[in-house]
Amino acid sequence: MTLRTSPEVGGMGHSIKRKEDPRFIRGKGTYVDDVQLPGMLYLDIVRSPFAHATIKKIDSAKALALPGVLAVITGQDLAKYNLHWMPTLMSDTQMVLPVEKVMYQAQEVAAVLATSRYTAADGVAAVEVEYEPLPVVIDPRKALEPGAPVLRTDKKDKKDNHIWHWEWGDRAAADRAFGEADVRVKEDIYIPRIHVASIETCGCIASFDKVDGKLTVWMTSQAPHAIRTVFALVAGHVGLAEHKIRIISPDIGGGFGGKVPVYPGYVIAVAASVLTGKPVKWMEDRMENLQADSFARDYHITAELAARKDGTLTAIRIKTLADHGYTDAAANPSKFPAGLFHICTGSYDFKAAHVEVDGAYTNKPPGGIAYRCSFRVTEAVHTIERMADIMAHELGMDPAEFRLKNFVKPEQFPYKSALGWEYDSGNYAGALRKAMERIGYAELRREQADRRRRGELMGIGISSFTEIVGAGPSKHFDILGLKMFDSCEIRIHPTGKAIARFGTKSQGQGHETTYAQILAEELGIPAADIQVEEGDTDTAPYGLGTYASRSTPVAGAAAAMAARKVRDKARQIAAHLLECAPDDLVWEPGKFSVKGAPNRFKTIQDIAFAAYTNHPQGMEAGLEAVSYYDPPNLTYPFGSYICVVDIDKGTGEVKVRRFVAVDDCGNIINPMIVDGQIHGGLTMGFAPALLEEISYDEIGNIQGGSFIDYLLPTAVETPKWETDKTCTPSPHHPLGAKGVGESATVGAPAAIANAVVDALWHLGVRHVDIPITPAKVWKLLRERGVTE
Ligand code: CDP
């Protein structure tokens, strides 16, 4: 089913209201960087060239001598207010500014406050810092070796670099199944650090009004309410109470999880504004964004699968080492230190599973960003889909046939996985068969055999992923104790126009369009008559924000529920107007009519007017409702992707010839937006598969700290995507919809990696870590004696 799309809501709108706000530069944009406030001051940050060093001295004299430089703020200054450390989302601690030592290259060391952006930058260049380098730990495996330098010396009782151990599943059952298996496969898989690299970098303008004691912060945040609460908890002792804090997230140029955490720059800007009483602006540049903001992935995984001779999968075992950098700042729900990695059973009907993850500290910036992914789902999907292919090849089975044999069957839903999750609905074979048909799978296999005979390298890779999106339910999910529900508030004005506000925050996903469509569908008010707003904590109902594809599953559901409350009241008013019993009325979008007398009706606009002018005595006036929706379960979108690659034996270059993506996100609200989400997501899956990686040398110098080295794909490199869909509604979502924003980013890398290994398997290659660069492939070919 596709919900009705009104022609007037075809595109992704941005809030019109903000464009009329005089604080934004008219005609230029509505982003944080465009906010103009009188008397604004600027912050720039001094950053460490060392990955691990004691700070001996910070000499600010030359900087302070520059005209326009007002202050150099250090950790010592913040320590006076106990603001030099802050909590992370995983209840670890992170430095705002260091007092004793720095822990990674590009870490904030001091901040310069000046009257212009350029003066602040000059001030940064003039600050002299004396460092004494300390031993650096970059490899998390070495970080856990006995005798490794202990990095978190600020934690009094910490004697090693181990953060936590987490495990899930039935170890004994998994071990037993492995003991009884006919075939076992095992592989080491590394999923490297990558960066969300959103077009807009992070930044804020903090404006403290000394007269009314109110702090307003325009910031690039995906979760404004949670940020307000965290600010109040951290800075309550210096007088910032939650009702005196207003966070405004205006339009955001891409978030992808990277704009969930609190970065030191935000806190320093707030402190500087509170101290000076002036608005203070901090905006990262591109290299700061790439080098110092939180990172994604960095999982070292050892995975094993067990199967019977006939190809039936029986068990999965996984051990993982998670590199968190110097602090555990992962944006995971509190209960799940390794996020939702336990969706690693994927689309397959395993009877036994066991998974363990250990976290380690290293001299790197914080990791653990859920980059367009529900808390480590990408890592889980990559692992299971790579392993499924390895097992299929090991068994001598076609990877498609192997998957079809092992999929959870449609009649098994709701399906309880061996790791305890209840998958809501699915038809995995349906999606794979559709993708196979669309790409011409059988013919491609014949072509591959022909080409192989001619010595050419062609591969076909499949990824049949299952996702887990829509956090809540609150019984399972919270962040720093804040339960993960979400919200919608609707007010219908007397003339039948409406305003709807949400606890989520779009970063370009088009919520203004799709939420308006949901309300239009539920209330019969044209979408163009509904103003959708998000991102202002003074006006929007409390919510946990937008990430992990949770907006449609949670706030989209809240929209439907709030609209239905409005409709219930509208029925009472219509009955009053039509002088009949409420039960004698029939609803069709836009009006209530009397059963059997379709000419006796009242439109929603008539009813809205009456709600303020002629409502029944004893009923409260007005037509509005709010819903805080706590979903009963997550939603489990899925899909099957098939990729065809050709490999150049001379250069090792991998060329994606075709890529068919069949997605299923249940009922779709706006097909055009969903297609856009999938196209963007596929590109963001293609990028880490073949191009992107952040690595470090042994003394902690970042490799890939600019777009010269960090290979973000452009339209030139991006393959042509062929998309299609199946539709398996979610049984528990009020609209039958599932989330979709991250599906393609999560599902795509394994399809590409599987295609590459499929092209090379006959040469003895079982696995290649992403990114699969020409250099890696060239080396593998030469090691096996393959030349041009
Ligand atoms: O939380 P986020 O907005 O990133 O992810 P989402 O809930 O998957 O939604 C992404 C966009 O796709 C939103 O504009 C949704 O309303 C839209 N969508 C849709 O039209 N139909 C669906 N079944 C799922 C999402």
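In case you missed it, the structure is sitting above this.
Anyway, here's the lowdown on the structure attached to this text.

Criteria and thresholds
- Residues numbered from 1 in each chain as written.
- Predicted model: local features only at pLDDT ≥ 70, side-chain atom pairs only at ≥ 80, totals over all residues.
- Heavy atoms only, no water.
- Helix = DSSP H or I, 4+ residues; strand = E, 2+ residues; numbered from the N terminus.
- Areas by Shrake-Rupley, 256 points an atom, 1.4 Å probe, with all protein chains shown as cover.
- Lys, Arg positive; Asp, Glu negative; His and termini not counted.
- Charge placed at Lys NZ, Arg CZ, Asp CG, Glu CD.
- Near = heavy atom within 4 Å.
- Polar contact = N/O pair within 3.5 Å; in protein donor to acceptor, adjacent residues only side chain to side chain.
- Contact = heavy atoms within 4.5 Å.
- Buried < 20%, exposed > 50% of the residue type's maximum accessible area, 1.4 Å probe, protein only.
- Pairing = 2+ DSSP bridges.
- Axes fitted to C-alpha atoms, helices over the stretch in contact; angles between N-to-C directions.
- Left-handed = near helix turned anticlockwise from the far one by under 90°.
- Nonpolar A, V, L, I, M, F, W, Y, C, P; charged D, E, K, R; others polar.
- Salt bridge = Lys/Arg side-chain N within 4 Å of Asp/Glu carboxyl O.

### Side note on the overall build of the protein chain
- Within the protein chain, the regular secondary structure consists of 19 helices and 34 strands.
- Principal-axis analysis of the C-alpha atoms gives the protein chain an extent of 85 × 75 × 50 Å.
- In the structure as shown, the protein chain presents an accessible area of about 28,400 Å², 53% of it carried by carbon and sulfur atoms.
- Computing the positive centroid from 87 side-chain charges and the negative centroid from 98, the protein chain places the two 2 Å apart.

### Notes on the site of the ligand
- Surveying the vicinity of the ligand reveals 23 residues, the closest of which are Gln 509, His 511, Ser 551, Thr 552 and Val 740.
- A distance of 3.3 Å separates a nitrogen atom of the ligand from a polar backbone atom of Cys 665.
- A distance of 2.9 Å is found between an oxygen atom of the ligand and a backbone nitrogen or oxygen belonging to Asn 670.
- In isolation the ligand offers 510 Å² of accessible surface; the protein chains occlude 98% of this area.
- Elements with a contribution of two residues or more to the shell around the ligand: α14 (511–523), α15 (551–578) and α17 (671–690).

### Observations regarding the environment of Leu 760
- Along the chain, Leu 760 falls in helix α18 (residues 743–760).
- Setting aside residues no more than four positions away along its own chain, Leu 760 makes contact with Leu 457, Ile 647, Val 765, Leu 780 and Leu 781.

### What to know about the pairing of strand β31 (residues 654–664)
- Where burial is concerned, most of β31 is hidden: eight out of the eleven residues are buried.
- The loop that links strand β30 (residues 638–647) with its antiparallel partner β31 comprises six residues; one of these, Gly 652, has a positive phi angle of about 80 degrees.
- Of the strand pairs in this sheet, β31 and strand β34 (residues 722–725) are connected by four bridges, and their pairing is parallel. Following the sheet pairing, Ala 661 is matched in β34 by Thr 723.

### Concerning unusual backbone geometry
- Here the bond from Phe 413 into Pro 414 is cis, since omega is -5 degrees, no more than 30 degrees from zero.
- In this structure, Pro 414 sits in the loop between α11 (399–406) and β18 (415–416).
- Cis geometry marks the peptide bond from Ala 471 to Gly 472, where omega comes out at -10 degrees.
- With respect to the helices and strands, Gly 472 occurs in the loop between β20 (457–466) and β21 (478–479).
- Of note in this structure, Asn 82 is not a glycine but carries a positive phi near 55 degrees.
- Tracing the backbone through its elements, the reader meets Asn 82 in the loop between α3 (75–79) and β4 (85–87).
- The backbone phi angle of Arg 376 is positive, close to 80 degrees, even though this residue is not glycine.
- Relative to the elements of secondary structure, Arg 376 occurs in the loop between β17 (352–360) and α10 (377–395).
- For Arg 376, a relative accessible area of 3% puts it in the buried group.

### Quick notes on the packing of α14 against α15
- At a minimum axis distance of 9 Å, the contact between α14 and α15 shows a crossing angle of 35 degrees. Judged by the sense of rotation from one axis to the other, the crossing of α14 with α15 is right-handed. Note on element contacts: α15 touches α14 through Ser 551, Ala 555, Gly 556, Ala 559, Ala 560, Ala 563, Arg 564, Val 566 and Arg 567, opposite His 511, Tyr 515, Ile 518, Leu 519, Glu 522 and Leu 523.
- Looking at side-chain class alone, the contact of α14 with α15 contains nine nonpolar, three polar and three charged residues.

### Quick word on the pattern of salt bridges
- With the rule as written, the count across this model stands at 54 salt bridges.
- Salt-bridge contacts for Arg 171 lead to Glu 167; the nearest nitrogen and oxygen are separated by 3.2 Å.
- Take Arg 171: its relative accessible area is 37%, and that puts it in the partly exposed class.

### Structural notes on the sheet that holds strand β2 (residues 53–59)
- Taken together, three strands build an open sheet; the order of strands is β6-β2-β8 and the sheet is antiparallel. Edge positions in the sheet fall to β6 (101–102) and β8 (128–133), since each of these pairs with one other strand and no more.
- As paired elements, β2 and β6 share two bridges and run antiparallel to each other. Along β6, the bridge assignment pairs Thr 54 with Lys 101.

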